[in-house]
Amino acid sequence: MSRSLGRPAAGLFVLVLAATACAGTDVSPALLEAQVAPGAPVDGVPGPPEDWAVREAAPGFLLYEGEVVRGEQAGWSVSVTAGQDWIRSRAEADGLASKLAEQGVSAAVVRIRWPEAFVRSGQVLGWKVVLEERYPSREEADARAEALGAEGWYTSVEWPGAEPYGDHRRTRVALAVIDPAEFDGSVRATYGSGIDSPSTVAEMAREEEALFAVNGGYFVMDEEDGVPGTPAGIGVYGGRLESEATEGRTAVVLEGDGLSPSFEELSTRVTVSVGEAVQEADGINRVPGIRRNCVDPDRPTRFPLHDVTCLLDSELVLFTDAFEGATPETDGTEAVVDATGAVVSVGPPGAVVPTGGYALQGKGEAALWVEENIRPGARFDVDARVVGADGRELPLGAGTSIVNAGPRLLSGGEVSIDAEANGLIHPHDPGFAYAWALRANPRMAVGVDGGGRLLLLGASGRAPGESDGFGLAGLAGLIRDLGAVEAVALDGGGSVSMVLDGEPVLVGVSAEGERAVGDAVVVHAG
């Protein structure tokens, strides 16, 4: 069990964050860069404030808990629009504000700009129309919104602490600091009992008998997007590639004892061979024809879009024995391979993958390839490779774990977030970037500080008046000022969970509790 050091949680240190705001009808959003009061540096590396509560989970492993506060609470706000698109052009927003003024309603046109942390710093994402009045309670804001709704307006009741234009922020955070020079243990990733079976982080930690764990990468949540629980990006566990990469996205690479992770932009190549027939597989352990985080063929973009699902006519997907249930029953064709590499059957999908074997399922033209080239008794081979941005192949040893992540938050100690390369800019939906990247949400990040220590930073949110979370800029600024020189975001929102000794110490949305997720990063002691 962990033992407590320092002050109790009641004495949590309060961080003060800097902000900028402009008065009038053209309001720029507050920048969410964290300015952390200096704590006791180690080897010249900044650390958490001295007033944060801290526990020694094991020698070389400290867990800090604190609170980040900026500005004074101002109350609830109401946004208004004539349609369901909250982020508008300047002309549209001005027109809406004028119409509201004609009805005696005072509203501000709020300019939503990319904060300095982003590659698109200063560029305008769009404008929102927000009533200038603030309401001390949710009930009063709801009543005002309902009255405007009766007049034909679309309204949204919002907590300014979660909005990038707000002047107030309160967020609970927890930070694990693990020193590879002192900690006798290891870090790796796990998907739990099956890659197609989501579990809570606490369940995976208990199953692994892990000292500590946090949620891992992005994953499929709904059946319409594929198989719930399967990674929505690269997944390597115990040296085995179990899910293909979202091309070029940053991932967390854990090798050896995993205490010194690297963050790399990766792609994957999976080739299947049956005799002289060779074909590249489109995916691993997912429904053929349903791809999450993708380039929509109907609206092509330069980069795969985050949280977008594409429906494709033809795909070849490989299933491994990490997929515990029966393979998806599609209208394709499936070959089943045993542990010796021999094809045992070819027929309709829906088989259970043999231990040590595979299933190869084709849809559309890919199904014809399976039918024409694979026969029972044939020899079946798989070549799975992970490739870095420089074209170098990453060796996959038995101790290698790779978790999909993104966006990259820090590189060389500098904050720089490329929203477009990480699929956060949806050309036909500016509201996605606003809600996902700029708005405050629960967050999880992993980093390495200047002394080589591993940092795991979690923030809860979506609890007005208690904990708001961070936009990506605030998350990047905070982990930088806590000493990180390299860092990347893991899955956030309701997926956020941090578990010590089998019990949660922080969850993303406290009212909802732990969410079942696709994978976790687990820390073993000794």
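Given the structure is predicted, the values throughout are model-derived calculations rather than measurements.

*Asks:* Explain the state of the cysteines residue by residue, including any values.
*Replies:* Considering all chains together, one arrives at one disulfide under this definition. The side chain of Cys294 participates in a disulfide bridge whose partner is Cys310; the two sulfur atoms lie 2.0 Å from each other. Between Cys294 and Cys310, the S-S torsion sits near 95 degrees, and that sign places the bridge as right-handed. With Cys294 in strand S19 (residues 290–294) and Cys310 in strand S20 (residues 305–311), the pair connects residues that are 16 residues apart, well separated along the chain. Given the relative accessible area of 3%, Cys294 is considered buried.

*Asks:* Before we move on, could you go through the environment of Ala520 and cite the residues and values that matter?
*Replies:* Within the element layout of this structure, Ala520 appears in strand S35 (residues 520–525). Separated by 458 residues in the primary sequence, Ala520 and Leu62 place their C-alpha atoms 19 Å from one another. Setting aside its immediate chain neighbours within four residues, Ala520 contacts Arg188, Ala189, Thr190, Val201, Met204, Val214, Asn215 and Gly216.

*Asks:* Can you tell me about the sheet that holds strand S21 (residues 315–320), naming the residues and giving the values?
*Replies:* Across the sheet, five strands lie side by side as S18-S21-S24-S22-S23; this open sheet has mixed pairing. Looking at which strands have only one partner, the edges of the open sheet turn out to be strand S18 (283–284) and strand S23 (343–347). Alignment of S21 against strand S24 (residues 358–363), held across six bridges, turns out to be antiparallel. Considered in S24, the bridge of Thr320 is made with Tyr358. Packed on one face of the sheet, helix H4 (residues 365–373) meets S21, strand S22 (333–337), S23 and S24 and runs near 130 degrees to S24.

*Asks:* Let's hear about the sheet that holds strand S12 (residues 212–215): which residues, and what values?
*Replies:* Reading across from one edge, S11-S35-S12-S33-S34 is the order of the five strands in this open sheet, with antiparallel pairing throughout. Two strands in the sheet have a free side with no partner beyond their single neighbour: strand S11 (185–190) and strand S34 (503–507). Mean inter-strand twist for the sheet, computed between neighbouring axes without regard to direction, equals 20 degrees. For S12 and S35, the ladder comprises four bridges, and the chain directions are antiparallel. In the strand pairing of S35, Val214 is matched with Val521.

*Asks:* With reference to specific residues and values, describe the environment of Gly256.
*Replies:* The residue Gly256 is located in the loop between strand S15 (250–254) and strand S16 (262–274) in this model. Each C-alpha atom, one on Gly256 and one on Gly399, is 5.5 Å from the other, the two residues being 143 residues apart in sequence.

*Asks:* For the confidence of the model for the chain, give the residues involved together with the corresponding values.
*Replies:* Scored by pLDDT, the chain has a mean of 91; 92% of the residues are at 70 or more. Considering only residues more than four positions removed or in separate chains, one finds that residues 1–41, a stretch of pLDDT under 50, has 120 contacts.

*Asks:* Quick rundown of the pattern of salt bridges? Include the residues and the values.
*Replies:* As enumerated under the stated definition, the model contains 30 salt bridges in all. Between Asp179 and Arg453 there is a salt bridge, and its shortest N-O distance comes to 3.9 Å. Within this pair, whereas Asp179 is found in the loop between strand S10 (169–178) and S11, its partner Arg453 is found in the loop between strand S30 (443–449) and strand S31 (454–459), the two being separated by 274 residues in sequence. Here the salt bridges do not stand alone but share partners, grouping Lys128, Glu158, Glu163 and Arg439 into one network.

Rules of the game
- Residues numbered from 1 in each chain as written.
- Predicted model: local features only at pLDDT ≥ 70, side-chain atom pairs only at ≥ 80, totals over all residues.
- Heavy atoms only, no water.
- Disulfide = S-S within 2.5 Å.
- Helix = DSSP H or I, 4+ residues; strand = E, 2+ residues; numbered from the N terminus.
- Buried < 20%, exposed > 50% of the residue type's maximum accessible area, 1.4 Å probe, protein only.
- Contact = heavy atoms within 4.5 Å.
- Pairing = 2+ DSSP bridges.
- Axes fitted to C-alpha atoms, helices over the stretch in contact; angles between N-to-C directions.
- pLDDT = per-residue confidence, 0-100.
- Salt bridge = Lys/Arg side-chain N within 4 Å of Asp/Glu carboxyl O.

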